[in-house]
Amino acid sequence: MERTADRGAQRRAAPPLLQNAFRPFFLAGAFWAAALVPMWVWEFAGGGSGPFASLGLTGHAHEMLYGYLAAIICGFSLTAIPNWTGRAPVAGNGLAALFGLWVAGRIAVLAFDGMIAALVDIAFLFVLAAVAFREVMAGKNWRNLPVVALLTLFALSHLLFHAPEYYLAAIRGTFAVAALLIALIGGRIVPSFTRNWLASVTSPHTATMPGPMKAYDKASIGVLALALLGWVIAPAHLLTGGLLVFAGLTQLVRLARWKGQATLAEPLVWSLHAGYAWLGISVVLIGAAIAWPAAITASAGLHAMAAGLIGTMTLAVMTRASLGHTGRARKADTVTTLIYILAHLGAIIRVCAALHANDTLLLAAGATLWSGAFLLFCIGYAPMLFGSKPTSPVSG
């Protein structure tokens, strides 16, 4: 097996863009998100043919999940795992090959058809899961094997997507995996980052600090996993709807325990709380749509999870990780704050559009704001993702 020292040397010799997985994958994933939604809305509104003309709604869902989301999850996981294991990150030629495989998947889906295109598309997530498994096992980091298991389920749901009779179940399964990843990893980083920030700006008092993961947190994740499993296999059952509503409420209670109201002075921290809030909101809406279909459309819950939870939470993590891992101060500037505001407003309007028969004007407004957030990330963060770390240390 490749030695950590050798990989560290390869990383230092690589151009900055290939020194950490978050650099190419955050940038490409953000660009893809910024491009996908306007293209789809244009076609949906009858504006003409585009890249999804032969793929339709299925293609839109595919690329949002297995294009954009897969890129961000790869960038985050291969950046976080070295912190967990103490091993050097995947970089240089290995990272270039992995990124090339992701790009090849996008080309295969949009430009080709058939078994070969599907295999190229599917390969990326299985390779990512294998790399993550190798790193966690080599580092004897058993605590994070559940993360590897969820990455494997993500890959398997992508495989299932390519079976026409199962693609709807695959979409639900992928959303479930994303929600559980956020519940698991977000449940660590949101209170941890909040605690660190509060300690830096106030006199630390244990009573006012969010605590580490406790029995309630573990139980709420268990309830969420059970509810999401029911949604995947029995999406129309009334019991599933009730369980989802209950699971969503337990996540909102969990969030309330993390002292988010005390972080309003720092967007880099409150953005994590606001993003996590969409987990409870989206799961409640999905359950409510099952229990009261005449009042709540299924699309509202799905887009609360896609545009709300996944969109805003990924941006919150992308901005913080990009700043910290490129040697910048972990403090939100005007551009970063605007990114968060645009993403949340876009998500809210998209959910409203779903509740109003996908009104075209609301769709266009939501798409413009949400995609604008990702475009702004590309513009504002590209220099630091392409560039080297500052030579002088920064505080924050």
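Refer to the structure printed above.
Draft legend 1. View of the pattern of salt bridges. Taken as a whole and judged by the stated rule, the model has 7 salt bridges. Note that R257 and D217 form a salt bridge whose closest N and O atoms lie 3.4 Å from each other. Pair noted here: R257 is in the loop between α9 (238-256) and α10 (267-291) and D217 is in helix α8 (residues 215-233), with a separation of 40 residues, a long-range link. Looking at R257, the relative accessible area reads 33%, which means it is partly exposed. With relative accessibility at 2%, the residue D217 sits in the buried group. Bridged by salt links that share partners, the residues E63, R106 and D121 form one connected network.

Draft legend 2. Seen up close, helix α5 (residues 115-138). Look at α5: 34 Å from first C-alpha to last across 24 residues, which is about the 34 Å you get at 1.5 Å a residue. Where α5 bends most, at A123, the angle is about 30 degrees. By the burial criterion, the buried members of α5 are A117, A118, D121, I122, F124, L125, L128, A129, V131, A132, E135 and V136.

Draft legend 3. Structural detail: the environment of A247. Tracing the chain through its elements places A247 in helix α9. Along the chain, A247 and P191 lie 56 residues apart, while their C-alpha atoms are 20 Å from each other. Leaving out residues up to four positions away in the same chain, A247 has contacts with V223, L224, A227 and V283.

Draft legend 4. Summary view of the nonpolar core. Counting residues in hydrophobic clusters, the biggest one holds 115 residues, and the most contacted among them are F25, Y68 and F377. Of all the elements, helix α7 (residues 167-201) adds the most residues to this core, at 15 residues. If we skip the residues at most four places from it in the chain, Y68 touches G29, W32, A33, L36, E63, I310, G311, T314, W370 and F374.

Draft legend 5. Fine view of the environment of A219. Turning to its location among the elements, A219 is positioned in helix α8. Its relative accessible area of 46% is what places A219 among the partly exposed residues.

Draft legend 6. Region of interest: the packing of helix α6 (residues 145-161) against α7. Their axes nearest at 8 Å, the elements α6 and α7 cross at an angle of 165 degrees. Comparing their axes, α7 and α6 come out roughly antiparallel. At the point where α6 passes α7, the crossing takes the left-handed sense. Residues P146, V147, L150, L153, F154, S157, L160 and F161 of α6 form the contact with α7, whose participating residues are Y167, A170, I171, G173, T174, V177, L180, L181, L184 and I185.

Rules used throughout
Numbers given for residues are sequential positions, taken from 1 along each chain in its written order. In view of the model being predicted, local features appear only for residues whose pLDDT reaches at least 70, and side-chain atom pairs are presented and counted only at 80 or more, with totals across whole chains, interfaces and linings using the full set of residues. Here the side-chain values reflect all heavy atoms present in the structure, with hydrogen atoms and water set aside. Here, a salt bridge means any side-chain nitrogen of Lys or Arg that lies within 4 Å of a carboxyl oxygen of Asp or Glu. A run of H or I in DSSP becomes a helix once it reaches four residues, and a run of E becomes a strand once it reaches two; helices and strands are each numbered from the N terminus. Each residue is assigned to one of three classes by its accessible area relative to the maximum for its type, calculated with a 1.4 Å probe on protein chains only: buried under 20%, partly exposed between the two thresholds, exposed over 50%. What a helix is expected to span follows from its residue count: subtract one and scale by 1.5 Å. The angle between axes fitted to the seven-residue stretch ending at a residue and the seven-residue stretch beginning at it gives the bend at that residue. The contact criterion used is simple: two residues touch if any of their non-hydrogen atoms lie within 4.5 Å. Among the buried residues, those of types Ala, Val, Leu, Ile, Met, Phe, Trp, Tyr and Cys that are joined through side-chain atoms within 4.5 Å form a nonpolar core. Where helices are involved, their axes are fitted lines through C-alpha atoms of the stretch in contact, as for all axes, and angles between N-to-C directions lie from 0 to 180°. In these notes the angle categories are as follows: under 35 degrees is roughly parallel, over 145 is roughly antiparallel, 65 to 115 is roughly perpendicular, and the rest is oblique. Crossing handedness is defined as follows: a turn of the near helix away from the far one that is anticlockwise and smaller than a right angle gives a left-handed crossing, while the clockwise case is right-handed.

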